[in-house]
Amino acid sequence: MLGGTEFAGRAVVEAALGRGWEVTVFHRGRHEPPTGVRSLHGDRTAPDGLAALADGEWDVVVDTWSAAPRVVRDSARLLRGRAERYVYVSSRSVYAWPRGAGRGEDAPLVEDASADAEQSDYARDKRGGELAAVEAFGADRSLLVRAGLILGPYENIGRLPWWLTRIARGGPVLAPGPRDLPIQYVDVRDLAEWTLDSVQREASGPYNLVGPSGHATMGTLLDACVDVTGGAAELRWTDPDIVLAAGIEPWLHLPVWLPPDSEGHAALHTADVSRAIEAGLRCRPVADTVADTWTWLRSIGGMAPQRPDRPAVGLDPELEAKVLATSERSGRE
């Protein structure tokens with residue numbers, strides 16, 4: 001496991017340990033990996049940073065890198081003669097914009113990506129990482145896991161942790177409508193289990209890895225947050241037009257939510273995931289994802305870790321109160 005101490009990588013490591021697999025974690029030493037792994041230290045971006053991987057053989061390499069593609073290139077080239085398969089956890093961001101609703105793995109991809117590139121933008125970095133994996137291991141020995149929105153324990157982006165923390169404060173909560181708006185995400189542990197199952201069956205090629213659209217809705221997600229945090233909050237479902245008119249940015253200020261009938265919702269919450277489902281993807285109920293994330297969040301003191309390369313998410317309390325007041329007045333008129 002290249003990484004393996006945070007979020008998706010950590011979930012993969014824990015799932016592999018749970019199967020009795022022998023796991024090596026190559027990381028920078030900033031965070032402790034799960035107990036039971038062989039730990040190797042190095043910085044993939046530094047000269048000679050891969051020295052600890054100079055020896056050894058592995059059945060599979062799992063890589064979640066999301067910056068300069070050349071880093072994936074160097075790792076994959078170093079390991080291609082000593083590992084059977086290479087799994088690159090990519091992203092559905094590799095598809096060209098606008099993506100449209102119901103697009104599968106054959107949708108057009110972003111252009112101008114390269115395995116040799118330095119860091120540019122997220123979409124091209126991930127696509128370049130894919131190209132690097134396939135270049136080194138070939139199409140038949142590389143698996144490209146194009147993840148969508150990932151939620152669950154260890155999240156270091158802050159989306160579900162923000163909703164849980166906000167709802168735990170209680171009081172009226174701005175809930176962006178409509179309540180039955182379908183959302184599409186994957187629990188990080190379901191991603192991990194599917195990935196390891198796919199390794200065992202020697203799968204290759206790209207897979208959109210996210211749950212079916214409508215597996216949950218904004219309503220079932222936020223209702224679950226209310227339930228696990230004690231039920232002190234009151235969800236105030238607010239018309240999308242009122243939310244947008246207030247200058248609130250979907251996805252950033254109100255995590256997960258994207259307005260219905262928007263390009264963003266079509267792109268991020270309506271993907272065709274039939275290939276992954278046919279290949280065994282199983283998705284646990286949203287209530288389980290929310291409850292387990294809340295349990296984890298409380299176990300670390302209620303403050304979720306935050307990746308330094310991602311913007312903080314969430315809505316300013318004063319703006320929330322202002323929009324709620326506007327919505328209430330609009331409802332009386």
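Everything here concerns the structure above.
As the structure is a prediction and not an experimental result, all values here were calculated from the model.

A. The overall build of the protein chain, seen in detail. Helix and strand counts for the protein chain stand at 11 helices and 12 strands. Its C-alpha atoms give the protein chain a radius of gyration of 20 Å, within 12% of the compact-globule value 20 Å for 333 residues. Projecting the C-alpha coordinates of the protein chain onto the three principal axes gives extents of approximately 70 × 40 × 35 Å. Among the 333 residues that make up the protein chain, the fraction classed as buried is 51%. Element-wise, carbon and sulfur atoms account for 48% of the exposed surface of the protein chain, whose accessible area totals about 14500 Å². Here the protein chain carries 36 positive and 48 negative side-chain charges, and the mean point of each set is 2 Å from the other.

B. Expanded view of the pattern of salt bridges. Following the criterion strictly, the structure yields 20 salt bridges and no others. Salt-bridge contacts for Asp223 lead to Arg179; the nearest nitrogen and oxygen are separated by 2.6 Å. Of the two residues, Asp223 is situated in helix α6 (residues 218-229) and Arg179 in the loop between β7 (171-176) and β8 (182-183); the sequence distance between them amounts to 44 residues. Note on Arg179: relative accessible area 40%, which makes it partly exposed. The network of salt bridges with common partners includes Asp187, Arg189, Asp190, Arg284 and Asp292.

C. Layout of unusual backbone geometry. Following Trp97, the chain continues to Pro98 via a peptide bond in cis, the omega torsion being -5 degrees. Relative to the elements of secondary structure, Pro98 occurs in the loop between β4 (83-91) and α3 (122-137). With an omega of -5 degrees, the peptide bond between Gly177 and Pro178 qualifies as cis. Locating Pro178 in the fold gives a position in the loop between β7 and β8. We note that Phe7 has phi near 30 degrees; this positive angle belongs to a residue other than glycine. Assessed through its relative accessible area of 9%, Phe7 is described here as buried.

D. Examining the pairing of strand β3 (residues 58-63) more closely. Where burial is concerned, most of β3 is hidden: 5 out of the 6 residues are buried. One ladder, built from 5 bridges, connects β3 with β4; its direction is parallel. Paired with Val60 across the bridge in β4 is Arg85. For the crossover that starts at β3, traverses helix α2 (residues 69-79) and ends in the parallel β4, the hand is right-handed.

Cut-offs used in this document
- Residues numbered from 1 in each chain as written.
- Predicted model: local features only at pLDDT ≥ 70, side-chain atom pairs only at ≥ 80, totals over all residues.
- Heavy atoms only, no water.
- Helix = DSSP H or I, 4+ residues; strand = E, 2+ residues; numbered from the N terminus.
- Rg over C-alpha atoms; globule rule 2.2 N^0.38 Å.
- Buried < 20%, exposed > 50% of the residue type's maximum accessible area, 1.4 Å probe, protein only.
- Areas by Shrake-Rupley, 256 points an atom, 1.4 Å probe, with all protein chains shown as cover.
- Lys, Arg positive; Asp, Glu negative; His and termini not counted.
- Charge placed at Lys NZ, Arg CZ, Asp CG, Glu CD.
- Salt bridge = Lys/Arg side-chain N within 4 Å of Asp/Glu carboxyl O.
- Pairing = 2+ DSSP bridges.
- Right-handed = clockwise from strand over helix to strand, strands pointing away.

Taken by themselves, the reported measurements are silent on function.
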